[in-house]
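Fold and contact review
One-letter residues, chain by chain:
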Amino acid sequence: MQFRQKALSKLQSPEELDLPVRLARPQGRLVLAVTVAVMAASAYWAFTGTVSSKLSASGILTRAEGSYVLQTPVAGQVTGVLAEEGQLLAAGAPLLNVLTEQGERPVRVVTGGRLTTLVAKVGSVVATGADVATVERAKGPQDPLVAVLYVPGGNGSAIAVGAPVDLSVQSVPQQRFGMLRGRVASVGRAPLTRAQIGGFLGDSGLAEQFSRHGSPVAVVVRLERSSSTPSGYRWSSADGPPYAVDSRTPVTGAVHLAAQRPVDWLLP
C-alpha cells in the first residue's frame, strides 16, 4: 500500500517543479568554458592560420658557371707542371709540359678560371684524352659564390624563386658561427642526369653522390652579401667564421617553402 500511495503521489506532481535542479558544478563550468575557448581558437586558426615548412637538400658551393675537366690532347710523360691548385689562369695558359714522340708539347687550359684539382704530376705518363685537371670557370677571385642544391625531382615544384635558404657549411662549425644565408635564384625545369651533373661540377664522384636517389633538380641559391663579415657573406650569427669560405665545399640547405593554410575549405 505504501508503494501505491507513493506512485499516485508522483503521478499527481510528475514535474517536481518545486525541487531545485543543479545544472553543473563550478568545476564543470570551468572545464566547459576552457573547452569552448579552445574550440573557438582552433576554428579561427583553421580559417586564418598558416603552416610553414622546410625542404632539406644537399649541395655544394661553387661559381655560377661551374667547372670543367681538362683532358690532355697528347700522350706522353709529364715533364713540367706550370701552375698550382688555387691559381687563377687565363684562357689558353699552359698548364703542363708533356714529352711526346714529336718532342715536348704544352697542355693548355681551354677556358680561363681557377685551378681546383691537378691530377697529373711530374713523371706521370698520360694517354690522349686523360683527365689531368679540374678548372672552375671564374673571371676573378671576386666572383661571388653560389650554392647549388640537388633536390629530388618531385619536390622542385614546391620551391619558389626568392625563397629564403639556410645553409649549413661543412667546413664551418654551425653551433659556433651559425648558418649561411641565401635566397633561391633559380629552379631547374627538368631533372638532371648523372652526366649533366658531372659536366657542370667537373666531378663524376659528386655527380654519383647527388644522383644516388634518382635524377634531381638543380636549385641555385644566391648567397646574401655582407661587408661586415670576414667571409663577405651574411650568416645567422653576427660575424660568421673569421675566414673565407671556399668553393667546392659541401653544404646542406634548408629551403623555406611558401606558407600554406592548414585546411582547405570547400564552399558550395
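Residues numbered from 1 in each chain as written. Predicted model: local features only at pLDDT ≥ 70, side-chain atom pairs only at ≥ 80, totals over all residues. Heavy atoms only, no water.

Re the overall build of the protein chain
For clarity, the cut-off: Numbering goes from the N terminus for both helices and strands, where a helix is a DSSP run of H or I of at least four residues and a strand is a run of E of at least two. Note on definitions: a residue-residue contact is assigned when non-hydrogen atoms from the two residues lie within 4.5 Å. The Shrake-Rupley method, run with a 1.4 Å probe, gives the accessible areas here. Residue values count only the displayed protein chains as cover.
Scanning the protein chain for helices and strands turns up five helices and 14 strands. Expressed as a percentage of contacts within the protein chain between residues at least 6 apart in sequence, the contacts between residues at least 24 apart total 71%. Total accessible area on the protein chain is roughly 16600 Å²; 56% of this is exposed by carbon and sulfur atoms.

Topic: the sheet that holds strand E3 (residues 76-81)
Note the threshold: Pairing between strands is defined by DSSP: at least two bridges between the two strands are required.
Reading across the sheet, the four strands line up as E6-E5-E3-E8 and stay open at both edges, with antiparallel pairing between neighbours. On the outer flanks of this sheet lie strand E6 (103-108) and strand E8 (125-126), each paired with one strand and no other. Bridge analysis of strand E5 (residues 94-100) against E6 gives six bridges, and the strand direction is antiparallel. Within E6, the position partnered with Val-98 by the bridge is Arg-105.

A closer look at the pairing of strand E7 (residues 113-118)
Operational definition: Each residue's exposure class comes from its accessible area (1.4 Å probe, protein chains only) as a fraction of the maximum for that residue type: buried when under 20%, exposed when over 50%, partly exposed otherwise.
Counting buried positions along E7 yields five of six residues, so the element is predominantly enclosed. Here two bridges tie strand E4 (residues 88-89) to E7, and the two strands are oriented antiparallel to one another. Opposite Leu-89, over in E7, you have Gly-113 as the bridge partner. Judged from the five bridges that link them, E7 and strand E9 (residues 131-137) form a sheet pairing that is antiparallel. When the sheet's bridge partners are listed, Arg-114 is paired in E9 with Glu-136.

Details of helix H4 (residues 194-201)
Heads up, the rule is: This arc is built from the directions going out from the helix axis to the C-beta atoms.
Restricting attention to buried positions, one finds in H4 the residues Ile-197, Gly-198 and Leu-201. Relative to the axis of H4, the buried residues are bounded by an arc of 100 degrees and lie together on one face. Phi for Gly-202, located one or two positions after H4, is positive at around 65 degrees.

A word on the pattern of salt bridges
Heads up, the rule is: Any Lys or Arg side-chain nitrogen found within 4 Å of a carboxyl oxygen on Asp or Glu counts as a salt bridge.
Going through the model one piece at a time under the given rule, you end up with eight salt bridges. When the shortest N-O distance is used, the salt bridge between Arg-63 and Glu-136 registers 3.4 Å. Linking Arg-63 in strand E1 (residues 54-63) with Glu-136 in strand E9, this pair joins segments that are 73 residues apart in sequence. Considered together, Arg-63 and Glu-136 belong to a single accessibility category, that of buried residues. The shortest N-O distance in the salt bridge between Arg-181 and Asp-166 comes to 2.4 Å. Taken as a pair, Arg-181 in strand E12 (residues 180-187) and Asp-166 in strand E11 (residues 164-169) lie far apart in primary sequence, 15 residues in all. For Arg-181, a relative accessible area of 22% translates into the label partly exposed. Because the salt bridges share partners, they merge into one network encompassing Arg-63, Arg-114, Glu-136 and Asp-246.

A short note on the nonpolar core
The cut-off we apply is this: We call a set of buried residues a nonpolar core when its members are Ala, Val, Leu, Ile, Met, Phe, Trp, Tyr or Cys and they connect through side-chain atoms within 4.5 Å of each other.
One finds Leu-61, Leu-149, Ile-159, Leu-167, Leu-180 and Leu-223 to be the most contacted residues of the largest nonpolar core, which totals 25 residues. Elements represented by at least two residues in this core include exactly E1, strand E10 (145-152), E11, E12, strand E13 (216-223) and strand E14 (250-256). Residues within four places of Leu-180 in sequence aside, it is in contact with Leu-61, Val-165, Asp-166, Leu-167, Val-169, Leu-223, Tyr-233, Arg-234 and Trp-235. Counting residues in hydrophobic clusters, the runner-up holds 19 residues, among them Tyr-68, Leu-89, Leu-96 and Leu-115.

Re the packing of aromatic side chains
The way to describe two aromatic rings as a pair is by their centre distance and the angle between their planes. Our working definition: For this analysis, a ring pair means two rings from Phe, Tyr or Trp (six-membered ring only for Trp) whose centres lie within 6.5 Å, classed as stacked if their planes differ by under 30 degrees, edge-to-face if by over 60, and tilted for the remaining angles.
Taken as a whole and assessed by the stated rule, the structure comprises two aromatic pairs. A ring pair is formed by Tyr-150 and Phe-210, whose centres lie 4.8 Å apart and whose planes are at 25 degrees; its orientation type is stacked. With Tyr-150 in strand E10 and Phe-210 in helix H5 (residues 204-210), the pair connects residues that are 60 residues apart, well separated along the chain. The two residues Tyr-150 and Phe-210 agree in class, both being buried.

A few points about the environment of Ala-254
Position of Ala-254 among the secondary structure elements: in strand E14. According to the relative accessible area criterion, Ala-254 is buried, its value standing at 17%. Setting aside residues no more than four positions away along its own chain, Ala-254 makes contact with Lys-54, Leu-55, Ser-56, Pro-164, Val-165 and Asp-166.

Re the sheet that holds E9
Note: strands within a sheet are paired through backbone hydrogen bonds, in either parallel or antiparallel orientation. Ordered in space as E2-E9-E7-E4, the four strands form an open sheet in which the pairing is antiparallel. Each end of this open sheet is capped by a strand with a single partner; those strands are strand E2 (67-71) and E4.

As for the side chain of Ser-247
Defined as follows: For this analysis, a polar contact is any N or O atom pair within 3.5 Å, provided that within protein one partner can donate a hydrogen and the other can accept it, and provided that sequence-adjacent residues contribute only side-chain to side-chain pairs.
Tracing the sequence through the fold places Ser-247 in the loop between E13 and E14. Side-chain polar atoms of Ser-247 contact the side chain of Arg-114, separated by 2.5 Å. A polar side-chain atom of Ser-247 sits 3.1 Å from a polar atom in the side chain of Glu-136. In contact with Ser-247, not counting residues within four places along its chain, are Leu-61, Thr-62, Arg-63, Arg-114, Glu-136 and Leu-145.

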